[in-house]
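# Tertiary structure, described
These are the residues of each chain, in order.
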Amino acid sequence: MSEAWILFLGTAAGTPSKKRGLPSILLQYRGKYILLDIGEGSQRSLIKNGIGVNRIDHILISHLHGDHIFGLPGIIQTMSMEGRERKLSIISPEGIEKILNAASQITSYQLEFPIEIIKPEGEISLEQYISVYPFKTCHTNIESFGYIIKAFGTGKEKKERFSLAYTGDTAPCEELIEKIKGADVLIHDSTFDSSMVEKAIAFGHSTSSIAAKVAKMAGVKSLILFHISNRYNDKSEMILDNALKIFKNTFLAEDGMKFYI
Ligand SMILES: [Zn+2]
Ligand SMILES: [Zn+2]
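Here's a quick rundown of the structure. Since this is a predicted model, take the numbers as computed values, not measurements.

With that settled, the discussion passes to the nonpolar core. Within the largest apolar cluster, 28 residues are counted, with the highest numbers of intra-cluster contacts made by Ile 6, Leu 60, Leu 164 and Ile 187. Counting residues in each nonpolar core, the second largest holds 27 residues, with Cys 173, Ile 177, Ala 200 and Tyr 232 among its members.

Our next topic: the coordination of the zinc ion (ligand 2). Within the first shell, the zinc ion (ligand 2) binds the protein through His 63 (NE2), His 65 (ND1), His 139 (NE2) and Asp 169 (OD), at distances of 2.2 to 2.4 Å. For the zinc ion (ligand 2), the 4 donor atoms in the first shell make angles of 91 to 172 degrees at the metal, a pattern classed as irregular. In this model, the zinc ion (ligand 2) sits 3.5 Å from the zinc ion (ligand 1), the two metals being bridged by Asp 169. In this pair, His 65 is assigned in the loop between β4 (56-60) and α2 (66-69) and Asp 169 in the loop between β10 (160-166) and α5 (174-180), connecting sequence segments 104 residues apart.

Once that is clear, we can look at helix α4 (residues 96-106). For α4, the complete set of buried residues consists of Ile 96, Leu 100, Ala 103 and Ser 104. For α4, the angular spread of the buried residues around the axis is 90 degrees, confining them to a single face. Along α4, the residues that are exposed and aim more than 90 degrees away from the buried face are Lys 98, Gln 105 and Ile 106. Lining the buried residues of α4 we find α2, α3 (72-81), β5 (88-91) and β6 (115-118).

The coordination sphere of the zinc ion (ligand 1), as far as protein atoms go, consists of Asp 67 (OD), His 68 (NE2), Asp 169 (OD) and His 227 (NE2), spread over 2.1 to 2.3 Å. Of note is the zinc ion (ligand 1), whose 4 donor atoms meet at the metal with angles of 88 to 160 degrees in an arrangement that counts as irregular. Along the chain, the residues donating to the zinc ion (ligand 1) are arranged with the sequence spacing D-H-x100-D-x57-H. For Asp 67, a relative accessible area of 13% translates into the label buried. Relative accessible area serves as the criterion here: at 3%, His 227 is assigned to the buried category.

Moving on: unusual backbone geometry. For residues besides glycine, phi is generally negative; the peptide bonds are generally trans as well. In this structure, Arg 30 takes a positive phi of about 50 degrees despite not being glycine. Along the chain, Arg 30 turns up in the loop between β2 (24-29) and β3 (32-36). Relative accessible area serves as the criterion here: at 38%, Arg 30 is assigned to the partly exposed category. Positioned with a positive phi, Asp 37 is a non-glycine residue whose angle comes to about 65 degrees. Position of Asp 37 relative to the elements: it lies in the loop between β3 and α1 (42-48). In this structure Asp 37 comes out as buried when scored by relative accessible area, which is 0%.

In this model, the largest pocket occupies a volume close to 270 Å³. In terms of lining residues, the largest pocket is bounded by 14 residues, among which Leu 9, Gly 41, Ser 45, Lys 48 and Asp 255 are the most central. Elements with a contribution of two residues or more to the lining of the largest pocket: β1 (4-10) and α1. Of all the elements, α1 adds the most residues to the lining of the largest pocket, at 4 residues. Partitioned by chemical class, the residues of the lining of the largest pocket number 3 nonpolar, 7 polar and 4 charged. Empty space within the second largest pocket amounts to approximately 220 Å³. Those elements that place two or more of their residues in the lining of the second largest pocket are α4 and β6. For the lining of the second largest pocket, the residue count by class is 6 nonpolar, 2 polar and 6 charged.

Attention now goes to the packing of aromatic side chains. Scanning the entire structure with this criterion turns up 5 aromatic pairs. Between the aromatic rings of Tyr 29 and Phe 162, the centroid separation amounts to 5.4 Å while the plane-to-plane angle is 90 degrees, which identifies the pairing as edge-to-face. Highlighted residues: Tyr 29 in strand β2 and Phe 162 in strand β10, separated in sequence by 133 residues. An identical accessibility class is assigned to Tyr 29 and Phe 162; each is buried. Where Phe 251 meets Phe 259, the ring centres are 5.3 Å apart and the plane angle is 70 degrees; that geometry is what we call edge-to-face. A relative accessible area of 31% means that Phe 251 is categorised as partly exposed. Among the aromatic residues, ring-to-ring pairing joins Phe 8, Tyr 166 and Phe 226 into one connected group. Its guanidinium or amino end placed over the ring of Phe 152, Lys 158 lies 4.7 Å from that ring's centre, counting from NZ or CZ. In this arrangement the basic side chain of Lys 258 is found over the ring face of Trp 5, its NZ or CZ atom lying 4.1 Å from the centre.

Each value, and the rule that gives it
- All residue numbers here refer to positions counted from 1 along the written sequence of the relevant chain.
- Each chain is given a letter, starting from A, and each ligand a number, starting from 1, according to the order in which they appear as written.
- Under the rules for a predicted model, residues below a pLDDT of 70 receive no local features and side-chain atom pairs below 80 are neither given nor counted, while totals for whole chains, interfaces and linings still include all residues.
- The basis for the side-chain values is all heavy atoms of the structure; hydrogens and waters are excluded.
- What is meant by a nonpolar core is a set of buried Ala, Val, Leu, Ile, Met, Phe, Trp, Tyr and Cys residues, joined one to another through side-chain atoms within 4.5 Å.
- The classification of residues rests on relative accessible area computed with a 1.4 Å probe and restricted to protein chains. Under 20% of the type maximum is buried, over 50% is exposed, and intermediate values are partly exposed.
- Think of the donor list as every N, O and S atom within 2.8 Å of the metal, or within 3.2 Å for Na, K and Ca; water never makes the list, so a site can look incomplete.
- A site with four donors is called tetrahedral when every donor-metal-donor angle falls between 85 and 135 degrees; four donors are called square planar, and six octahedral, when opposite donors sit more than 155 degrees apart and all other angles fall between 65 and 115; any other arrangement is irregular.
- Each helix corresponds to a stretch of at least 4 residues labelled H or I by DSSP, and each strand to a stretch of at least 2 residues labelled E; elements are numbered beginning at the N terminus.
- In this description, the arc belongs to the directions extending from the helix axis to the C-beta atoms.
- Any two residues having at least one pair of non-hydrogen atoms within 4.5 Å are treated as being in contact.
- Buriedness of a pocket was judged along seven lines, with at least five required to meet protein on both sides within 12 Å; pockets are open sets of points on a 1 Å grid over the protein atoms alone, cavities are sets where a 1.4 Å probe fits but cannot get out, and lining residues have an atom within 4 Å of a point.
- Grid points are joined across faces, edges and corners, and a volume is the space filled by probe spheres set on the points.
- Each residue receives one of three labels: charged for Asp, Glu, Lys and Arg, nonpolar for Ala, Val, Leu, Ile, Met, Phe, Trp, Tyr, Cys and Pro, and polar for the others, Gly being one of them.
- Only Phe, Tyr and Trp rings take part, Trp by its six-membered ring, and two of them pair if their centres are within 6.5 Å. Stacked means planes under 30 degrees apart, edge-to-face means over 60, and tilted covers everything else.
- By definition, being over a ring means that NZ of Lys or CZ of Arg is both within 6 Å of the ring centre and within 35 degrees of the ring normal.

Structure (structure tokens):
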């Protein structure tokens, strides 16, 4: 097992397609598994990629739009049915507890393990070698967050091994650039192509060119375009080409794509 990798479980925006599932990203570092968002179908995608759902220790939710969270009640039920006893931690904007309580009451399943819900603020130490720093993003009127995940080495001095920045859904916003400065990998909202910049901003999203400009301004090492509208299913190179003109080290996320850090 490589020390660190990212696996894209779902890379679509809003609605799924044959090609792309709803947003969810898995980060593995030193045998710890962290999910970034959990769209509907994420647990199936984990299983298809040979990863049991009970390997997940932490789930980071960017915001409570359905495309980013409808996989959560399902995965929790599977974890319970598989006899999980270990705690699951969820970092999420306010409201997730209500959704989980309603799902378990109405569908009458018994939660067999503890869930800790953590507010996205300050520095959150997830594991001995992994810390998370949430930051606000500029999406719609819903509260939305991005996350910087920092992974550290095992030495006494706790040297930073890499940092990963995930924006969730966002329109361009200055505060965000400050927060993600110098990240090794940036996973950025890239819902539309550059000809649709007005629509993107009106809906609280970004184009791939915006994502590339942000990557350049923030001085990140690699950019991965994520949250791709279904309208580009047959022409997703267009999204990538727009960004490559501005930022060379850009990749387009595809379902099942693994990125080694
Ligand atoms: Zn979304
Ligand atoms: Zn959204």
